[in-house]
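If you want the building blocks of each chain, they are given just below.
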Amino acid sequence: SGVCLGRTGAAQSPTRCFSMLEKPTVLYEDNHLLAVNKPAGWHSVPNPGPESPKCLLSELKRMGRGGGSNKDFLLSLHRIDQPCTGILMFAKTGKAATRVSTLWKKKMVKKQYLCVVSSDGIETLRRKSRIGNGEWLSLEGLMATPTKNRSSDKKRSVSIRPMDSRGPLPSDRHVSIEWQQVQVRNGLPGFQAILVQTNEGARHMVRAILAQVGRCPIAGDVRYNSGSTPLPDQSVALHAFRLSLDRSLKLGTLDTFDFQAPLPRTWNRFFGMSDKNIKVSVRRNSLKQ
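Novice: Just to check I follow, could you spell out the overall build of the protein for this structure?
Specialist: Within the protein, the secondary structure is distributed over six helices and 13 strands. Taken over 289 residues, the protein has a buried fraction of 48%. In the protein, 65% of the contacts between residues at least 6 apart in sequence involve partners at least 24 apart.

Have a look at this one:
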């Protein structure tokens, strides 16, 4: 996923790739927190090795978006995969980093994602799911312990098995999402949008559980659906749509606890979906602590 392709499909240089990236937009900023809408193609944090110009954390620091007297304190509180988009939150002070990270560990930060899947995959996903809370369906699985050998890109993929498969291993982690289909007016045939919510933060969890347990991979996700066609910009149609902090958080004058990111403009071209024709309920989600 680190290869950048131009309109002709030819590989581009790192400098050219960087110049082609859409710039992030600021959704919220105060003395303690910074929330941005991450476009596809950016790394959330630096990768091992030489610093990439596509690192969003480094770019925000260069833009002077950090905190403290030198405007250089900025800490990513979570991550979004490079080909995906949406809300990414940063701490601008040590106090913010500690307090929000504590909420995350207690599963008191809730995330909602909009994902585009094939129309054919929706019914399979329904059959693999069980009744959840209200309008939500629940999908559960057992996540295998990731390998420590990161030399192979394939080995970095996540493996999640259905709950009714062979007995869980001691190292398996129970993971789950809730989801519901989203109403889209005049979207392109063959595609459906779903809203996924979770208060867990395991790497690739939403992508893997939809593909491996729900048998309903996300559009463009060639990592978890090797026979699929990549999207023209090499993105994956997973958008971190909403992030909700527990209202017990005390942090300066913070009075905003729900953050929402507009859809990528490319979704209108790829799927006929935009903020104007996609209807998402704004009710607080139902995940239990």
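What follows picks up the thread again.
Novice: What should I look at first to understand the state of the cysteines in this one?
Specialist: Disulfides are covalent bonds that connect the sulfur atoms of two cysteines. Taken as a whole and judged by the stated rule, the model has zero disulfides. Between Cys-216, a cysteine without a disulfide, and Cys-115, which holds the nearest cysteine sulfur, the sulfur-to-sulfur distance is 9.2 Å.

Novice: Can you walk me through the side chain of Ser-235 in this structure?
Specialist: Relative to the assigned elements, Ser-235 resides in the loop between helix H5 (205-213) and strand E11 (238-245). Residue contacts for Ser-235: discarding those within four places in its chain leaves Ala-40, Pro-83, Gly-220 and Phe-270.

Novice: Can you walk me through H5 in this structure?
Specialist: Note that an α-helix has 3.6 residues per turn; residues three or four places apart therefore point the same way. Taken across its nine residues, H5 has eight buried, putting it largely inside the fold. Considered for burial, the residues of H5 that qualify are Met-205, Val-206, Arg-207, Ala-208, Ile-209, Leu-210, Ala-211 and Val-213.

Novice: Is there a simple way to think about the packing of aromatic side chains in this case?
Specialist: Geometrically, a pair of aromatic rings is defined through the distance of the ring centres and the angle of the planes. Enumeration over the complete set of coordinates arrives at four aromatic pairs. Relative to Phe-271, the ring of Phe-191 has its centre 5.0 Å away and its plane inclined at 70°; by these criteria the two rings are edge-to-face. Here Phe-271 lies in helix H6 (residues 266-271) and Phe-191 lies in strand E10 (residues 191-198), a separation of 80 residues in the sequence. Phe-191 sits in the partly exposed class, given a relative accessible area of 30%. Between Trp-267 and Phe-271, the ring centres sit 5.9 Å apart and the planes meet at 85°, which makes this aromatic pair edge-to-face. Taken together, the residues span about one helical turn, with Trp-267 and Phe-271 both in helix H6 at a distance of four residues. Here Trp-267 falls in the buried class, since its relative accessible area comes to 2%. Site record: aromatic cluster; members linked through ring pairs are Phe-191, Trp-267, Phe-270 and Phe-271.

Novice: I would appreciate a short explanation of unusual backbone geometry in the present structure.
Specialist: Phi is mostly negative for residues that are not glycine, and the peptide bonds are mostly trans. Positive phi, normally seen in glycine, also occurs at His-204, with a value near 60°. Inspection of the secondary structure assignment puts His-204 in the loop between E10 and H5. Looking at His-204, the relative accessible area reads 8%, which means it is buried. The residue Arg-215 is not glycine, and still its phi comes out positive at about 55°.

Novice: Honestly, the pattern of salt bridges in this entry has me stumped. Any pointers?
Specialist: Between side chains of opposite charge, pairing is possible as soon as their charged atoms come close. Taken as a whole, this structure holds 12 salt bridges when the rule is applied. For Arg-65, the salt bridge is made with Glu-29, and the minimal N-O distance between the two is 2.5 Å. Here Arg-65, found in the loop between helix H2 (56-62) and strand E3 (75-76), pairs with Glu-29, found in strand E1 (residues 25-29); they are 36 residues apart in sequence, far enough to count as distant. Note that Glu-123 and Arg-126 form a salt bridge whose closest N and O atoms lie 3.5 Å from each other. Taken together, the residues Glu-123 and Arg-126, both in helix H4 (residues 119-128) and three residues apart, mark about one turn of the helix. One salt-bridge network, held together by shared partners, links Lys-23, Glu-59 and Arg-62.

The rules we used
Residues numbered from 1 in each chain as written. Predicted model: local features only at pLDDT ≥ 70, side-chain atom pairs only at ≥ 80, totals over all residues. Heavy atoms only, no water. Helix = DSSP H or I, 4+ residues; strand = E, 2+ residues; numbered from the N terminus. Buried < 20%, exposed > 50% of the residue type's maximum accessible area, 1.4 Å probe, protein only. Contact = heavy atoms within 4.5 Å. Disulfide = S-S within 2.5 Å. Phe/Tyr/Trp six-rings, centres within 6.5 Å; stacked < 30°, edge-to-face > 60°. Salt bridge = Lys/Arg side-chain N within 4 Å of Asp/Glu carboxyl O.

Geometric values such as these leave the question of function open.
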